[in-house]
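# Chains, contacts and geometry: an overview
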Amino acid sequence: MAAEGPAGSAAMATTVPGVTERYFTRWYKPDVKGNQCEDHCILQHSNRICVITLADAHPLLQKGKRIESISYQISANCSRLQNKVSGKSKRGAQFLTELAPLCRISCADGEEYTIYSCIRGKLIEVNENILDNPSLLQEKPFTEGYIAVVLPKFEESKKITEGLLTRKEYEEILLKRFNSTP
């Protein structure tokens, strides 16, 4: 093994899948709330936990936009930062519907994007690291730049993928989208 040198170890390192590829199944929700290309990705772990992120084709990841700010303040009376969860049954967690807004992202060009839950469940945590370092959202959207963690109800955990697309189905939609764009 040691005789392989740097070239052999570099080749080996590129073939090892990361944590998200090994332990999470990717599901996609294209055109959330009818907004063209505003696609979201849900990383589902075998223990039901779901991580909400931006999909590869989301405008924030495609167009090289500069993020000005991220706000978890949804309305005057609702801030996702006020979510306090405790205990095994996650008491105190905010309950989310599929179309519940998680955060609002403002760009330097004046555009604003609202990120939605896409699944029903309890809000376990929001990623406060992206508030201080918004570039994480663009640089590492599937790891350190996630938006939130949601836990679906046990009895609904098998049904949450209804209405979501697999990676292959999502890629087909992206191809159609790309081919129909002049």
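Keep in mind that this is a model prediction, so the values were computed, not measured. (Residues numbered from 1 in each chain as written. Predicted model: local features only at pLDDT ≥ 70, side-chain atom pairs only at ≥ 80, totals over all residues. Heavy atoms only, no water.)

Once that is clear, we can look at the pairing of strand E2 (residues 40-45). Of all 6 residues that make up E2, 5 are buried, and the element is covered over most of its length. Note that E2 and strand E3 (residues 50-54) share 5 bridges and pair antiparallel. When the sheet's bridge partners are listed, Leu-43 is paired in E3 with Val-51. Between the antiparallel neighbours E2 and E3 lie 4 residues, among them Arg-48 with a positive phi of about 85°. (Buried < 20%, exposed > 50% of the residue type's maximum accessible area, 1.4 Å probe, protein only. Helix = DSSP H or I, 4+ residues; strand = E, 2+ residues; numbered from the N terminus. Pairing = 2+ DSSP bridges.)

Examined bridge by bridge, strand E7 (residues 95-96) and strand E10 (residues 121-126) share 2 bridges and lie antiparallel to one another. Directly across from Leu-96, in E10, lies its bridge partner Gly-121. Pairing of E10 with strand E11 (residues 148-151) involves 4 bridges; the strand directions are antiparallel. Residue pairing in the sheet places Val-126 in a bridge with Ala-148 of E11.

Attention now moves to the nonpolar core. One broad rule of soluble globular proteins: the nonpolar side chains tend to lie buried together. Judged by nonpolar contacts, the single largest core of 31 residues is most densely connected at Ile-42, Ile-105, Ile-119, Leu-137 and Ile-147. Elements supplying a minimum of two residues to this core: E3, strand E4 (67-71), strand E8 (101-107), strand E9 (112-116), E10, helix H5 (135-139) and E11. In terms of residues, this core owes the most to one element, E8, which gives 4 residues. Residues in contact with Ile-105, not counting those within four places in the same chain, are Leu-60, Ile-67, Ser-69, Ile-70, Glu-111, Glu-112, Tyr-113, Ile-115 and Leu-137. Core analysis: the next-biggest nonpolar cluster, separate from the first, contains 14 residues, Tyr-28, Phe-142, Tyr-146 and Leu-165 among them. (Core = buried A, V, L, I, M, F, W, Y, C linked by side-chain atoms within 4.5 Å. Contact = heavy atoms within 4.5 Å.)

What makes a disulfide is a covalent bond joining the sulfur atoms belonging to two cysteines. Throughout the structure, instances matching the rule amount to 0 disulfides. Free cysteine: Cys-41, not disulfide-bonded; nearest cysteine sulfur from Cys-118 at 9.6 Å. (Disulfide = S-S within 2.5 Å.)

Low-pLDDT stretches of the model should not have their predicted coordinates read in fine detail. The pLDDT averaged across the protein chain works out to 86; a share of 91% of its residues lies at or above 70. Counting contacts from residues 1-5, a segment whose pLDDT is below 50, to residues more than four positions away or on other chains yields 2 contacts. Here residues 8-12 scores under 50 on pLDDT; set against residues more than four positions off or in separate chains, the count is 2 contacts. (pLDDT = per-residue confidence, 0-100.)

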